[in-house]
Amino acid sequence: MDFSSSMAIKPSSSSCSLLFAISRAQNSSPKPLLFNFHGIPRNHQSSFFKSLKCIQSPPPGSLPSNPSSFSCSAVTLSPTQTSYLPPRKLSTLVAEFQSLLEPLDRVKRLLHYASLLPPLPASSRTDSNRVMGCTARVWLDAQMDSEGNIRFWADSDSEITKGFCACLVSVLDGAGPEEVLQLKTEDLAALNVGLPGGERSRVNTWHNVLVSMQKRTRALVAQKEGKTPFEPFPSLVITTEGIQPKGTYAEAQARYLSPDKLKVKELVHVLKEKQIGVVAHFYMDPEVQGILTEAQKEWPHIHISDSLVMADSAVKMVKSGCKFITVLGVDFMSENVRAILDKAGFGEVGVYRMSNERIGCSLADAAATPDYMDYLESASNSLPSLHVVYINTSLETKAYSHELVPTITCTSSNVVPTILQAFAQVPDLNIWYGPDSYMGANIKELFQQMTLMSDEEIAELHPKHNRDSIKSLLPRLHYYENGTCIVHHLFGHEVVERINEMYCDAFLTAHFEVPGEMFSLAMEAKRRGMGVVGSTQNILDFIKQRVQEALDRNVDDHLQFVLGTESGMVTSIVAAVRSLLDSSNSTSSTKINVEIVFPVSSDSMTKTSTRASPALKSVKAGDDIILPVVPGVASGEGCSIHGGCASCPYMKMNSLGSLLNVCHHLPDERNNLKAYETERFKSQTPQGKSIADVGCQPILHMRHFQAKKELSEELVYQVLGSHGNGK
């Protein structure tokens, strides 16, 4: 999805040429050239680079027959004269490309410019200078000259991409830092018009090289001003040789990625013996996920996924012979599993949680309040209305909601298609989304951005919508404003500032539940092929796809991903990436490094007692594992404003000790697990119906939508029926 707008710059016969062609006579003269040559020592280069005098463009639609017909001359310009040079150069560049009516001529012009870009020496063609996200290999180097301007050097192993780099260097080489930072990726939109194929990767090259230029510019400015650079976030680097943690938090995460074989053996034995299935959420504690991932190889009835798939997996396990289901998640997940099993006719199968205490969820709690019911009361008075409720809510909430307003559940991956289809299917519909305030705001912002797209682009997302329909639905899209996930709430201003400073050229992933600043950052990255916004499964699929693309290119590469969701997700990511790397290792000598970055600050770490050894040896205290550091500031569970631990305290209640304890006590003949069992709702809705029966209806409506890509007739009847009854 690309929301970039095009630049409208008209060609002008008096415009300046790009000046890529350098006069042969001037090649031997002391006058400055457009591009630097590395034969000149960098500490002497500043005197060679002055602003360039504008000269006449070649005739429209033609390449110069003799490259030496273009010449450059040096002039000295005042700061006020140089302040507008990059925009003027970009305007000239756009005019030059727009004057070439045939796509082939544009390609020829790019190839010509590529031939004039001086090659980078081997010393600059390093991994640290690689630009991520480009199909071809691209290297970029930068330096601040004695006058405080930024010098750029670029190269690529693709001639087309090298031409892109030449264009960007011509616009920004020698510009002031503020001029480099003011240029936006959307300003380059007109440069993409007319190139054959229209591959997304070609558009991305312009954008990704520009973003890398700006990242290096910020670093050079900070260095000149003597600012202390941001401390890097902790990360895990995954290679075919193993896993390298960077930072204490990453070491704590990596601690369990090579699980204890004895514990794996113990778990597999009890699961097989008692025919127990395990469904777990991606956000599980790394120790538990490490054990489960390894145990999957010997016992197939273990499934780690997002919340939507957990109940479906449980049904499949029971059909395959499992007599019990253990759920590693928060309470609404085990409730969903219990209800779906009952609906499928497996009421005799026991479903067990991992704690004898309540395992809560801040989002689910936000929807289980009088304030949320008041929100839905308002919805019931605005007819026709549909309530789109996030799957991360209790069955009780779903039941009460459905009796107030016809309700369909959604996930972070299908919420946008659900809303678009509902608006297309029911005229004059009002949609009330909840309870996640950040997701609601992000959805609204997404639709606002769609109003800037063409009708053709919108039709690709949904065939029955265009700009007018998107504009008309915006006033009828409402969202609850008092519900947040305590984990995704951490991705606010401070962490976004740090990501933008240090990781703007990395692949950015963000859950749909993150605050608006992080959402906007990830959406900008998504537009240039460098990001994903969606569910945990969407994030995992995106990382796997980019790693596979790197393997297919068959060149050494380093991929860096910022993990914009709960850090427990890393176990599944590491397993998936290692599987891809291992499968290619036997057929290729290519070295691919995949770095997973945790937006976590050192201030978000709490040292445990002195019993924890400095070598990250865990200390056993009863059934608990004490690590040298744990997520959370010293004052209690939570994280500092400098980044946040991105770790859910509720999910961490699902310990390996609890799982083994539950499994060993099954079947529960002595009633020792009464507090662990997920019971059926015995209470009824205000209309005297079963909470389980009514609460499952919104889930089943979503199942129909997933299968048919439209709202069920029953749900449409409920929406319009309520309208007709004057409810």
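Residues numbered from 1 in each chain as written. Predicted model: local features only at pLDDT ≥ 70, side-chain atom pairs only at ≥ 80, totals over all residues. Heavy atoms only, no water.

## Points about the pairing of strand β2 (residues 150-156)
The condition is simple: Partly exposed describes any residue whose relative accessible area lies between the buried limit of under 20% and the exposed limit of over 50%, with all areas from a 1.4 Å probe on protein chains only and scaled to the type maximum. Secondary structure elements follow DSSP: runs of H or I of four or more residues count as helices, runs of E of two or more count as strands, with numbering from the N terminus. Criterion used throughout: strands pair if DSSP finds at least two bridges between them.
Counting buried positions over the 7 residues of β2 gives 7, a clear majority of the element. Residues of β2 alternate between two faces, with Ile-150, Phe-152, Ala-154 and Ser-156 on one and Arg-151, Trp-153 and Asp-155 on the opposite face, all of them buried. Two successive antiparallel strands, strand β1 (residues 138-144) and β2, enclose a turn made up of 5 residues, where Gly-148 displays a positive phi of approximately 85 degrees.

## Concerning helix α16 (residues 415-425)
A large share of α16 lies buried, amounting to 8 of its 11 residues. Where α16 is concerned, the buried positions are Val-415, Val-416, Thr-418, Ile-419, Leu-420, Gln-421, Ala-422 and Phe-423.

## Some words on the environment of His-465
Rules: Residue contacts follow a heavy-atom distance rule, with two residues in contact if any of their heavy atoms lie within 4.5 Å. Any pair of N or O atoms that falls within 3.5 Å is considered a polar contact. Within protein, one atom must be able to donate a hydrogen and the other to accept it, and sequence-neighbouring residues count only if both atoms are side-chain atoms.
Tracing the sequence through the fold places His-465 in the loop between α18 (455-461) and α19 (467-473). The buried category is assigned to His-465, whose relative accessible area is 6%. Expressed as a C-alpha distance, the spacing of His-465 and Phe-423, which sit 42 residues apart in the sequence, is 9.1 Å. Discounting residues that sit within four places of it in the chain, His-465 has contacts with Leu-420, Phe-423, Ala-424, Asp-455, Ile-458, Ala-459, Ile-470 and Leu-473. At 2.8 Å, the side chain of His-465 forms a polar contact with the backbone oxygen of Leu-420.

## What about the sheet that holds strand β8 (residues 350-352)?
So the rule is basically this: To get an axis, fit a line to the C-alpha atoms, keeping to the stretch in contact for a helix; angles then go from 0 to 180 degrees between the N-to-C directions.
Spatial ordering of the open sheet is given by β6-β5-β7-β8, a layout of 4 strands whose pairing is parallel. The strands lining the two open edges of the sheet, one partner per strand, are β6 (302-305) and β8. Each neighbouring strand pair of the sheet contributes to a mean axis angle of 15 degrees, computed without reference to strand direction. Examined bridge by bridge, strand β5 (residues 276-281) and β6 share 4 bridges and lie parallel to one another. Within the sheet, the bridge partner assigned to Ala-280 lies in β6 and is Ile-304. Set on the sheet, helix α24 (residues 656-665) makes contact with β5, β7 (324-328) and β8; between it and β7 the angle comes to about 165 degrees.

## A closer look at the sheet that holds strand β4 (residues 242-246)
One open sheet accounts for 6 strands, arranged β4-β3-β16-β15-β13-β14; its pairing is mixed. At either end of the open sheet lies a strand with only one pairing partner, and these are β4 and β14 (531-534). Averaged over all pairs of adjacent strands, the angle between their axes in this sheet comes to 15 degrees, without regard to strand direction. In the sheet, strand β13 (residues 507-511) pairs with strand β15 (residues 557-564) via 4 bridges, with the strands oriented parallel. Looking at the pairing, Leu-508 lines up with Val-562 of β15. Helix α22 (residues 536-553) contacts β13, β14, β15 and β16 (592-597) of the sheet and is inclined by roughly 175 degrees relative to β15. Packing of helix α23 (residues 570-585) onto the sheet brings it into contact with β3 (235-239), β4, β15 and β16, and relative to β3 it is tilted by some 20 degrees.

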